[in-house]
Amino acid sequence: MAAARPGIAAAEWRSWTWQMQHRIRSAADLGHWIEPGEDERAAIEALATRFRFVITPYYASLMDPRDPACPIRRQVVPRLAELGDPLGLADPLDEVAHSPVKNVVRVYRDRIAFCVNNECALYCRYCLRKRMVGEPEWAMKQRELETALAWIRANPEIRDVLLTGGDPLVFSDDKLAWLLGELRAIPHVELIRLGTRLPVTLPFRVTDALCALLERQHPIWVNTHFNHPRELTAEAAEAVDKLTRAGCPVGNQSVLLAGINDDVETMRRLCEGLVRMRVRPYYCYQAQLLEGTAHFRVPIERGVELFHALRGRTSGFAIPLYVLDTPYGKVPLTYDYLRGREGDDVLVESFDGRIWREPNPL
Ligand code: SF4
């Protein structure tokens, strides 16, 4: 359980609005929670105008105050390595070019990502949408939300709408209820998905009132974003439990991050912990070719080996699909268990490397 700091009343600590109002935004604030190293201090200053840092007190309380390699700390505290990334791009998935109207990203025929909000509880250093998060030009004004809704209404092939951002759950209950109501009133929108990291970074946002409003608009699926077993706290488990009791299936989309979760044991503990919380590990993304994130990227072959090593060593449904997102859609990055054909037999490889001949005449 993440502990509130002395001097912070439990009711304040568990209030999501208190957490949002007291977010850490400066090296001095951060110094109340950890001992920032030289690299971190210099990076906070150097990146102040490029990709600022913002952290909830709750998430800060999960950090190791003395270890700069702490996997929680590395996800959100700037590092100088962000300044050296010659290959990185601002928009590696070319999302702007795939947007028929502002903040609606369409790659597939039947579904869209609708970036309803430019704000998050905290800013992940590897965020795919760092060009957008916290940047006023990407905020959606009311009339822009209405323009996007009108576009969805006019495109009857859209059956699945992912509300993302930023984070849609940073909206007030009233605004979210309005948005969900508008979408639910569109007959061809069968499915609404929420992409939110708040169960991880601000679990107190999952209130009874929020769950009641979600329950009125089913089917609503939730995908959240845990990256490390240390994020699987009692508070996060409580948030997920509320969502599942409200009838929302909850999945997890992690990112494979060098030095954070790119070893078999950490990934196994993460996936098994998620399943214990009734969260289905869904995707694990290869970190994108995104500006300032070279130090997070893992060679794809090593990622494939990692998930191959999990196969047969934990429950099959605890293993997420490792994928690379591209401007052409998601590409599964999988080990090839199909070893070819010899006459009437197909050769397949088991999880532990044994070859099985399956009679399978053409
Ligand atoms: S919560 Fe998601 S959208 Fe927000 S900064 Fe992190 S990765 Fe980006």
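What you see is a predicted model; the values in this text were computed from it and never measured.

Details of the site of the ligand
So, step 1. Taken together, Cys 120, Tyr 123, Cys 124, Cys 127, Arg 129, Val 133, Gly 165, Gly 166, Asp 167, Arg 197 and His 225 make up all the residues around the ligand.
So, step 2. Tallied by class, the residues present in the shell around the ligand amount to five nonpolar, three polar and three charged.

Describing the environment of Lys 330
So, step 1. The residue Lys 330 is located in strand β9 (residues 329-332) in this model.
So, step 2. We classify Lys 330 as partly exposed; it has 14 C-beta atoms within 10 Å.
So, step 3. Sequence separation between Lys 330 and Arg 230 is 100 residues; the distance between their C-alpha atoms is 28 Å.
So, step 4. What Lys 330 contacts, discounting residues up to four positions off in sequence, is Val 323 and Asp 325.

What about the nonpolar core?
So, step 1. Tyr 59, Val 76, Phe 114, Leu 122, Tyr 123 and Tyr 126 are the most contacted members of the largest nonpolar core, which totals 84 residues.
So, step 2. Domain assignment of the residues forming this core places at least three in each of domain 1 (10-83) and domain 2 (104-327).
So, step 3. If we ignore the near neighbours within four places in the chain, the residues touching Leu 122 are Val 54, Ile 55, Thr 56, Tyr 59, Val 76 and Thr 201.

Considerations on the sheet that holds strand β8 (residues 321-326)
So, step 1. Pairing is mixed across the open sheet formed by nine strands, whose spatial order is β1-β2-β3-β4-β5-β6-β7-β8-β9. In this open sheet, the two edge strands, each paired with only one partner strand, are β1 (104-105) and β9.
So, step 2. In terms of strand pairing, strand β3 (residues 160-164) meets strand β4 (residues 191-195) through four bridges, oriented parallel. Opposite Leu 162, over in β4, you have Arg 193 as the bridge partner.

A closer look at unusual backbone geometry
So, step 1. Gly 165 connects to Gly 166 through a cis peptide bond whose omega is 10 degrees.
So, step 2. Checked against the element boundaries, Gly 166 lands in the loop between β3 and α8 (173-184).
So, step 3. In this model, His 218 is joined to Pro 219 through a cis peptide bond whose omega is 0 degrees.
So, step 4. In this fold, Pro 219 is placed in the loop between α10 (208-215) and β5 (220-224).
So, step 5. One non-glycine residue, Asp 94, lies in the positive phi region at around 55 degrees.
So, step 6. The residue Asn 103 is not glycine, and still its phi comes out positive at about 70 degrees.
So, step 7. Structurally, Asn 103 is set in the loop between α6 (71-76) and β1.

Digging into the pairing of β4
So, step 1. Among the five residues of β4, four are classified as buried, and the element is accordingly described as predominantly covered.
So, step 2. A crossover connection joins β3 to the parallel β4 through α8; in handedness this β-α-β unit is right-handed.
So, step 3. As paired elements, β4 and β5 share four bridges and run parallel to each other. Within the sheet, the bridge partner assigned to Gly 195 lies in β5 and is Asn 223.

Observations regarding the packing of helix α12 (residues 264-276) against helix α13 (residues 300-310)
So, step 1. One can describe the packing of α12 onto α13 by two numbers: an axis separation of 10 Å at closest approach and a directional angle of 60 degrees. Here α12 is positioned oblique relative to α13, judged by the angle of their axes. The interaxial crossing formed by α12 with α13 has right-handed handedness. Here α12 contributes Val 264, Met 267 and Arg 268 to the contact with α13, which in turn contributes Leu 306, Ala 309 and Leu 310.
So, step 2. Looking at the contact of α12 with α13, its residues break down into five nonpolar, no polar and one charged.

Focus on the domain arrangement of the protein chain
Think of interface size as the accessible area that goes away when the parts come together; that is how it is often given.
So, step 1. You can read the domains of the protein chain as domain 1 (10-83), domain 2 (104-327) and domain 3 (334-362).
So, step 2. Computed from C-alpha coordinates alone, the two centres of domain 1 and domain 2 are separated by 22 Å.
So, step 3. Taken together, the contact pairs 23 residues of domain 1 with 20 residues of domain 2.
So, step 4. Every element with two or more residues in the side of domain 1 that touches domain 2 is listed here: α2 (16-21), α5 (57-60) and α6.
So, step 5. Looking at which element gives the most residues to the side of domain 1 that touches domain 2, the answer is α6, with five residues.

A look at the sheet that holds strand β12 (residues 355-359)
So, step 1. The strand order across the open sheet built from three strands is β10-β11-β12, with neighbouring strands paired in antiparallel fashion. Strands with a single pairing partner mark the edges of an open sheet, and in this sheet they are β10 (338-342) and β12. On average, adjacent strands in this sheet sit at an angle of 25 degrees to one another, irrespective of strand direction.
So, step 2. With five bridges connecting them, strand β11 (residues 345-349) and β12 associate as antiparallel partners.

Cut-offs used in this document
- Counting restarts for each chain: residues are numbered from 1 in the order of the written sequence.
- In keeping with the model being predicted, local features are shown solely for residues with a pLDDT of at least 70 and side-chain atom pairs are shown and tallied solely at 80 or more, while totals for entire chains, interfaces and linings include all residues.
- Here, nearness means that the C-beta atom of a residue, built from backbone geometry, sits within 6 Å of the molecule or strand in question.
- Polarity classes work like this: nonpolar for Ala, Val, Leu, Ile, Met, Phe, Trp, Tyr, Cys and Pro, charged for Asp, Glu, Lys and Arg, and polar for all others, with Gly in that last group.
- Comment: elements are numbered from the N terminus, with helices defined as DSSP H or I runs of at least four residues and strands as E runs of at least two.
- Exposed residues have 12 or fewer other C-beta atoms within 10 Å of their own C-beta, buried residues have 20 or more, and partly exposed residues fall in between, where C-beta atoms are placed from the backbone.
- What counts as a contact is two residues whose backbone-derived C-beta atoms lie within 7 Å of each other.
- Remark: nonpolar core denotes a set of buried Ala, Val, Leu, Ile, Met, Phe, Trp, Tyr and Cys residues whose joining runs through C-beta atoms within 7 Å.
- Each domain's extent was defined by an automatic or database domain assignment.
- One bridge is not enough; two strands pair if DSSP finds at least two bridges between them.
- Whether a crossover is right-handed depends on one test, that the path from the first strand over the helix to the second runs clockwise when the strands point away from the viewer.
- In this description, a line fitted to the C-alpha atoms serves as the axis of each element, helices being fitted only across the stretch in contact, and the angle between N-to-C directions of two axes falls anywhere from 0 to 180 degrees.
- These descriptions rest on fixed angle ranges, namely under 35 degrees for roughly parallel, over 145 for roughly antiparallel, 65 to 115 for roughly perpendicular, and the rest for oblique.
- Less than a right angle of anticlockwise turn of the near helix away from the far helix marks a crossing as left-handed, whereas a clockwise turn marks it as right-handed.

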